[in-house]
Amino acid sequence: MYDPVQLRTFLTVAQTLSFTQAAARLGVRQSTVSQHVRRLEEATGRPLFLRDTHSVELTEDGEALLGFARTILAAHERAAAFFAGTRLRGRLRFGASEDFVLTRLPEILEGFRHEHPEVDLELSVELSGTLHERLDEGRLDLVLAKRRGPGDERGRLVWRDRMVWIGAEGFRLDPDRPVPLIVFPPPGITRARALEVLEQEGRAWRIACTSGSLNGLVAAARAGLGVMAHTRGLIPPGLVRVPGLPELGPVEFALLRGRGGTGGAAAEALAAAILSGGDRLSRPA
C-alpha cells in the first residue's frame, strides 16, 4: 500500500518543508516529488501537507504518517542489509552540533550502532563553526551542523527552520538598556548571527553569559540573565520566544562529508540513517 520510494520522498519534504529542496536532495524533478506525495495522499485518503506559493506545512495526518514512514523504511533497510551479506567495519569520526544535544539524535545513533556493531563510532559534540573547521582540517569524516549562512550550499540539507529570540517566561527587555545576550563563544554561527542583526538595527547589546555548552546557556536563560538566539523548533522546556527584537532569519542544518569522502561506506550509512530520520531532530528527547 505504501511505496518506500514515495515514503522517502514524503520524509524529505517533511524535513525540508520545500518540494524544491526535496527534489534537489533526492536528485529528481520537482514534478516527481509532487507525484509521489499525491500518490501517498491517494493511498491514505488524507491530505498530508498544507501548501501554497510561500510555505509547506504538515497536516495532522502528515504528522501521524511520519512515524509509520520511518518504521517501514527502517524495516526495508534492515532487510536489505541482511540479504546483502556485507558488514561495515572501520572507524567513523562523526561531529554533531550542540543544537542536537536535547533532541532524539541519540536514538538515531543507537539504531546505527545496533545495525553496524563493528563500526567504531567516535562522536564529537561541538559548535557548528568548530565542526566546520575540524572537517576542513581532515579531523572528522561526517558532520551534522548549521550551514554558515546565506549562500552556503555545502553538504546535503537535513532540516530547515527559523531562528528566534528566547528567554525565561516573564522576561522583559528594558528598552533603555543594552540587550543582555546569552551566547556561545566564537566561532559560534548563532552568536555571529545575533550580533549581526542587532548591529544592523542599531541596537546596543552586552554579553551577559558565554558558554560552550548548550546546557549552560539554557541554565542562564532560565535564570533570567538575558536572551539567546535559538532554532525555533528546538526551544528547550522552560524557555519561550521573546518579542521586540529584530528577525534572525532562516537556519539550515546539513550533513557534510570530509575531503575525499573520508569515512567510506560507514559515513554514507550514517548519513542515510540521519536523512531518513531527520524529522526526529526537531523533536525534544
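About the cut-offs
Sequence order sets the numbering: in each chain, residues are counted from 1 along the sequence as written. Owing to the predicted nature of the model, reporting of local features is limited to residues with pLDDT of at least 70; listing and counting of side-chain atom pairs is limited to 80 or more, with chain, interface and lining totals taken over all residues. For the side-chain quantities, the full set of heavy atoms in the structure was used; hydrogens and water were omitted. To qualify as a helix, a DSSP run of H or I must reach at least 4 residues; to qualify as a strand, a run of E must reach at least 2; elements of each kind are numbered from the N terminus. In this scheme, a residue with accessible area under 20% of its type's maximum is buried, one over 50% is exposed, and one in between is partly exposed, where area comes from a 1.4 Å probe on protein chains only. Each polar contact in these results corresponds to two N or O atoms within 3.5 Å; when the atoms are within protein, one needs to be able to donate a hydrogen and the other to accept it, and residues that are neighboring in sequence are counted only if both atoms are side-chain atoms. A pair of Phe, Tyr and Trp rings is counted when the ring centres sit within 6.5 Å of each other, with Trp represented by its six-membered ring. The angle between the planes then sorts it: under 30 degrees is stacked, over 60 is edge-to-face, the rest tilted.

Enquirer: Mind showing me how you'd approach the side chain of Q15 here?
Expert: Mapped onto the fold, Q15 is located in helix 1 (residues 4-16). A residue is classified by how much of its surface remains accessible, and Q15, at 1% relative accessible area, is buried. Of the polar contacts made by the side chain of Q15, one reaches the side chain of R25; its length is 2.7 Å.

Enquirer: In this structure, what is going on with the packing of aromatic side chains? I would like to understand it.
Expert: Two aromatic rings are characterised by how far apart their centres lie and by the angle between their planes. Counting across every chain of the model gives four aromatic pairs. Taking the centre distance of 6.0 Å and the plane angle of 70° together, the rings of F19 and F49 count as edge-to-face. On the criterion of sequence distance, the pair formed by F19 in helix 2 (residues 19-26) and F49 in strand 1 (residues 49-51) is long-range, its members being 30 residues apart. This pair shows no difference in class: F19 is buried, exactly as F49 is. For the ring pair W159 and F253, a centre distance of 5.3 Å and an interplane angle of 15° mean the geometry is stacked. Of this pair, W159 sits in strand 6 (residues 156-168) while F253 sits in strand 11 (residues 250-257), and the two are 94 residues apart along the sequence. For W159, a relative accessible area of 6% translates into the label buried. On the accessibility criterion, F253 (0% relative accessible area) is buried. Every member of this aromatic cluster is reached through a ring pair, and the members are F10, F19 and F49.

Enquirer: Looking at this structure, how should I read unusual backbone geometry?
Expert: Backbone phi values are negative for most residues with the exception of glycine, while trans is the configuration of most peptide bonds. Between P186 and P187 the backbone carries a cis peptide bond, its omega angle lying at 5°. Within the secondary structure, P187 sits in the loop between strand 7 (179-183) and helix 7 (189-201). Here the phi dihedral of L17 falls at roughly 50°; this positive angle occurs in a residue that is not glycine. Of the residues examined, L17 reaches a relative accessible area of 29% and is grouped as partly exposed.

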